[in-house]
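Working through the structure, step by step
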Amino acid sequence: MENQQLQLCACCTHQYQLEDSFCDSCGYPFQGTKEQQDAYIANRTVKEIDLVDLNKKVKTACNSLYWIAGIIFISSILAFFTIEDENEIVIFLVTTVILVGAFLALAVWSKTKPATALISGLSLYIIIQVLNMIAEPSSIARGIIFKVLIIGYLIKGIMAVLEVEKIKKELNIK
Ligand SMILES: [Zn+2]
């Protein structure tokens with residue numbers, strides 16, 4: 001076939017040449033049967049719907065980074081009034097500023113690098129809980145529902161991000 005005329009892929013509108021078997025961009029089978037082509041598009045549609053759902057989960061998880069910053073900030077204000085030692089107050093304030101700042105930074109960063117930001121956020125959150133538990137064993141029970149919810153959202157978010165990346169690779173979406 002000498003026809004060099006460019007066609008547009010029925011699936012992703014990428015340009016292709018008549019003799020091509022598959023779309024370079026999305027893998028659509030140009031030479032396949034009608035059934036194969038329909039099945040390809042149906043499968044892709046299902047994955048695109050999954051992607052919308054997964055992206056919502058990622059967004060919720062990223063928002064929980066803001067929640068963590070807020071919870072640390074509020075619980076620090078409450079704890080602040082129970083400290084009497086002046087040196088302890090300085091250390092306490094510095095720690096609070098660093099932690100709140102870190103989670104706010106992770107929340108902003110999660111817009112562009114959700115996987116890394118969520119994994120860092122989860123690790124930092126667990127480290128804080130472990131340190132608190134060592135310093136004050138009774139603190140584990142305090143706000144346990146919040147803690148479980150936050151860890152749950154972060155883990156779900158990380159799993160959703162990984163799934164999103166896998167589907168995007170399959171669908172060849174940037
Ligand atoms: Zn295509």
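Residues numbered from 1 in each chain as written. Predicted model: local features only at pLDDT ≥ 70, side-chain atom pairs only at ≥ 80, totals over all residues.

Quick word on the overall build of the chain
For the chain, the count of helices and strands is four helices and two strands. Listed N to C, the secondary structure of the chain is β-β-α-α-α-α in terms of helices and strands. Here the C-alpha radius of gyration of the chain, 25 Å, is well above what a compact globule of 174 residues would show, namely 16 Å. Summarising its shape, the C-alpha atoms of the chain cover approximately 85 × 25 × 20 Å along the three principal directions. The proportion of buried residues among the 174 residues of the chain is 16%. Pairs at least 24 apart in sequence give 58% of the contacts found in the chain among residues at least 6 apart. (Helix = DSSP H or I, 4+ residues; strand = E, 2+ residues; numbered from the N terminus. Rg over C-alpha atoms; globule rule 2.2 N^0.38 Å. Buried ≥ 20, exposed ≤ 12 C-beta atoms within 10 Å, placed from the backbone. Contact = placed C-beta atoms within 7 Å.)

Overview of the nonpolar core
In this structure, V58, A61, L65, L118 and L154 are the most contacted members of the largest nonpolar core, which totals 21 residues. Listed by contribution, the elements that provide at least two residues to this core are α1 (34–80), α2 (86–109), α3 (114–135) and α4 (144–171). In this view, L65 contacts F103, L106, A107, S110 and G121; residues no more than four positions away in its chain are not counted. (Core = buried A, V, L, I, M, F, W, Y, C linked by C-beta atoms within 7 Å.)

Let's talk about α3
Relative to the 32 Å expected for 22 residues at 1.5 Å per residue, α3 spans 31 Å between its end C-alpha atoms, a close match to the ideal helical length. For α3, the set of buried residues is P114, A117, L118, G121, L122 and Y125. Here the buried residues of α3 occupy an arc of 130 degrees about the axis, which is enough to place them on one side. The exposed residues of α3 that point more than 90 degrees off its buried face are S123, I127, V130, L131, I134 and A135. Where α3 is buried, its residues meet α1, α2 and α4. (Expected span 1.5 Å × (residues − 1). Arc of directions from axis to C-beta.)

Things to note about the environment of G27
Assignment of secondary structure puts G27 in the loop between β2 (15–17) and α1. Looking at G27, the number of C-beta atoms within 10 Å reads 15, which means it is partly exposed. Along the sequence, G27 and Y40 sit 13 residues apart, while their C-alpha atoms lie 8.9 Å from each other.

Quick word on the packing of α1 against α4
The interhelical angle for the contact between α1 and α4, taken along N-to-C directions, is 145 degrees, at an axis separation of 7 Å. Relative to α4, the crossing made by α1 is left-handed. Taken together, the residues that form the contact of α1 with α4 break down as 17 nonpolar, four polar and seven charged. (Axes fitted to C-alpha atoms, helices over the stretch in contact; angles between N-to-C directions. Left-handed = near helix turned anticlockwise from the far one by under 90°. Nonpolar A, V, L, I, M, F, W, Y, C, P; charged D, E, K, R; others polar.)

Considerations on the packing of α1 against α2
Following both chains from N to C, one finds α1 and α2 inclined at 165 degrees, their axes separated by 8 Å at the closest point. Judged by the angle between their axes, α1 and α2 are roughly antiparallel. The hand of the α1/α2 crossing is left-handed. Judged by residue contacts, C62, L65, Y66, I68, A69, I72, F73, S76 and F80 of α1 engage F92, T96, L99, V100, F103, L104, L106 and A107 from α2. Residues belonging to the contact of α1 with α2 are distributed by class as follows: 15 nonpolar, two polar and no charged. (Parallel < 35°, antiparallel > 145°, perpendicular 65-115°, else oblique.)

Side note on unusual backbone geometry
Even without being a glycine, T13 presents a positive backbone phi close to 60 degrees. Tracing the backbone shows T13 in the loop between β1 (6–8) and β2.

Focus: α4
A rise of 1.5 Å per residue sets the reference length of α4, with its 28 residues, at 40 Å; its end C-alpha atoms lie 40 Å apart and thus fit the reference within 8%. Listing the buried residues of α4 in full gives I150, Y153, L154, G157, I158, A160, V161 and V164. Of the surrounding elements, those touching the buried residues of α4 are α1 and α3. N172, located one to two residues past α4, shows a positive phi value of around 60 degrees.

Geometric values such as these leave the question of function open.
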